[in-house]
Amino acid sequence: MLFRSIFDECRMRLIDTAGWWSITMTPVEGMTWVYDTLYLPGLVPGGNIEVIIIDTAENPYISSAEIENAISGLDDNEKKARKEGKFVQIGGRVYREFDAEKHILEAGIIPPMDWTHYASLDHGYNNPTCWLWHAVGPKGSVVTYDEVYANEKVVSEFAKEIHRRNTIQGRRAPQIYVGDPAISQRNGQTGDSIKTAYALEGIPVVLGNNDVHIGVNRMNQYLQQGRWGITGNCGNLIRELTRVRWKIYESAKKRYANNVREEIHKKDDHAPDSARYFFSLMPDLYIPTAKDTHAQTVNDLVKEVISPATVSVGPVMYDWNLRNMQPVDRSNNTEWSDIDEHMGGFF
């Protein structure tokens, strides 16, 4: 393993000679700091880092049959790392259905005001807090179209920014705010909770379902079926969806000796967690059959966003700035008629 501290120390020794450095490696440890600090910048044209990727098959002195024999017992991720020199998520990506080429929409898209609008929260202080804005169309498709992502800011600062964004021309204030159930925990000194603090700022947050596997499965389901698009405004969500992985054992020996772990590695997961609380409100999608004649694509989703919408889907809540509660939409085209019981009803 290449340690960041050793690399930084060696790099400092090059200053007085204006020297250059080179690293040769096989990325068997996955997306470590090398991926973020050296590999990705090296892919940008005109930068001062050059990345050269060589596939084992390019070596003319090695038999292709021997290569296939050597990697035949490896899993797909390790094959990509050892043979192709690709960075992969060791342990496997959690949101494996996310594909930047398929699911990213043009930045600046604002869903119609008569869609049902939501905002979701993953709270932190030292770690980032992430707010995401979502809209659900009359056919149940989801567009995530804005984000706030920052650490070391207090509730009042986030609330001010949320209210500002809710008043941007062409946008509708979220009818439902949903967040991590942990925000209901009260401070032992003040007796208040994060949920209460937001309520006092005019943002009533209902509690999402924190069952990780239900949320992850539902997000992958919407991605797989082309029912979730994310605009380019949501850079942190896009970045983290590609990075979140399952926990692994520290040593390769333990990884081979034990079953794979069922927990998410708690790093680079703040925006996906925010989205997961939102998707805890969404219904499961049906599983397409061979008889289905059309699978929705992101192009279809874009058309749906910019075309006139008819009836909103799901329950309707008010922004606390409004004083009149809007009724729950119980029209026939909605896939569900009321908020889940674990939400605790309307506030």
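Residues numbered from 1 in each chain as written. Predicted model: local features only at pLDDT ≥ 70, side-chain atom pairs only at ≥ 80, totals over all residues. Heavy atoms only, no water.

Per the secondary structure count, the protein includes 12 helices and 7 strands. The burial tally for the protein puts 43% of its 347 residues in the buried class. Across the protein, the fraction of contacts at a sequence separation of at least 24, relative to all contacts at a separation of at least 6, is 70%. About 19,400 Å² of surface is accessible on the protein, with carbon and sulfur atoms providing 51% of the total. (Helix = DSSP H or I, 4+ residues; strand = E, 2+ residues; numbered from the N terminus. Buried < 20%, exposed > 50% of the residue type's maximum accessible area, 1.4 Å probe, protein only. Contact = heavy atoms within 4.5 Å. Areas by Shrake-Rupley, 256 points an atom, 1.4 Å probe, with all protein chains shown as cover.)

On to the pairing of strand β3 (residues 129-136), then. Among the 8 residues in β3, 8 count as buried, and that is most of the element. The alternating pattern of β3 places Thr129, Trp131, Trp133 and Ala135 and Cys130, Leu132, His134 and Val136 on opposite faces, both of which are buried. Bridging between strand β2 (residues 116-122) and β3 involves 7 bridges; their strand directions are antiparallel. Across the sheet, residue Leu121 finds its bridge partner in β3, namely Trp131. The antiparallel hairpin formed by β2 and β3 contains 6 residues in its connecting segment. For β3 and strand β4 (residues 142-150), the ladder comprises 8 bridges, and the chain directions are antiparallel. Directly across from Trp131, in β4, lies its bridge partner Val148. Here β3 hands over to β4 after 5 residues, with Gly140 in that stretch at a positive phi of 90 degrees. (Pairing = 2+ DSSP bridges.)

Moving on to the nonpolar core. One finds Val142, Trp228, Ile230, Leu237, Leu241, Phe278 and Phe279 to be the most contacted residues of the largest nonpolar core, which totals 29 residues. Mapped by element, the contributors of at least two residues to this core are β3, β5 (176-179), α8 (212-224), β7 (228-231), α9 (235-241) and α11 (270-279). A total of 5 residues in this core trace back to one element, the largest contributor, which is α11. (Core = buried A, V, L, I, M, F, W, Y, C linked by side-chain atoms within 4.5 Å.)

This next bit is on the side chain of Asn236. Tracing the sequence through the fold places Asn236 in helix α9. Within polar-contact distance, the side chain of Asn236 engages the side chain of Glu147 at 2.7 Å. If we ignore the near neighbours within four places in the chain, the residues touching Asn236 are Glu147, Tyr149 and Ala271. (Polar contact = N/O pair within 3.5 Å; in protein donor to acceptor, adjacent residues only side chain to side chain.)

Another point: the layout of surface pockets. Once rolled over the atoms, a probe with the size of a water molecule shows which space is left empty. In this structure, the largest pocket spans a volume of roughly 810 Å³. Lining the largest pocket are 28 residues, with Ile23, Thr24, Met25, Val51 and Ile52 sitting closest to its centre. Ranked by the residues each element gives to the lining of the largest pocket, the list is headed by helix α4 (residues 76-84), at 4 residues. Residues belonging to the lining of the largest pocket are distributed by class as follows: 15 nonpolar, 7 polar and 6 charged. (1 Å grid on protein atoms, 1.4 Å probe; cavity = no way out; pocket = protein on both sides within 12 Å on 5 of 7 lines; lining within 4 Å. Points joined across faces, edges and corners; volume = space filled by probe spheres on them. Nonpolar A, V, L, I, M, F, W, Y, C, P; charged D, E, K, R; others polar.)

The next subject is the environment of Val178. Relative to the elements of secondary structure, Val178 occurs in strand β5. Classification of Val178 by relative accessible area gives buried; the value is 0%. Along the primary structure Val178 and Asp122 are separated by 56 residues, whereas in three dimensions their C-alpha atoms are 9.2 Å apart.

The next thing to look at is α8. Between the first and last C-alpha of α8 there are 18 Å, a value that for 13 residues agrees with the 18 Å anticipated at 1.5 Å per step. Regarding α8, the residues found buried are Gly215, Val216, Arg218, Met219, Asn220, Gln221, Tyr222 and Leu223. Close packing links the buried residues of α8 with α5 (100-103), β4, β7, α9 and α11. For α8, the side-chain oxygen to backbone nitrogen distance between the N-cap and His213 is 3.2 Å, and the N-cap itself is Asp211. Following α8 by one or two positions, Gly226 has its phi on the positive side, about 70 degrees. (Expected span 1.5 Å × (residues − 1).)

Before going further, it helps to examine the sheet that holds β2. Sheet architecture is open: 7 strands sit in the order β1-β7-β4-β3-β2-β5-β6, paired in mixed fashion. At either end of the open sheet lies a strand with only one pairing partner, and these are β1 (104-105) and β6 (205-207). As defined by bridge partners, β4 adjoins β7 across 3 bridges and the pair is classed as parallel. Bridging from a neighbouring strand, Thr144 pairs with Ile230 of β7.

Here we come to the packing of aromatic side chains. For any pair of aromatic rings, the description rests on two quantities: the centre-to-centre distance and the angle between the ring planes. Per the counting criterion, the structure on display carries 8 aromatic pairs. Residues Tyr35 and Tyr39 carry aromatic rings whose centres are separated by 5.5 Å and whose planes lie at 20 degrees to one another, so their mutual orientation is stacked. With Tyr35 and Tyr39 both in helix α2 (residues 33-42), this residue pair falls 4 residues apart, about one helical turn. In this pair, the class of Tyr35 matches that of Tyr39, namely buried. By the ring-pair criterion, three or more aromatic residues cluster together here, those being Tyr118, Tyr222, Trp228, Phe278 and Phe279. Its guanidinium or amino end placed over the ring of Trp133, Arg171 lies 5.4 Å from that ring's centre, counting from NZ or CZ. (Phe/Tyr/Trp six-rings, centres within 6.5 Å; stacked < 30°, edge-to-face > 60°. Lys NZ or Arg CZ within 6 Å of the ring centre and 35° of its normal.)

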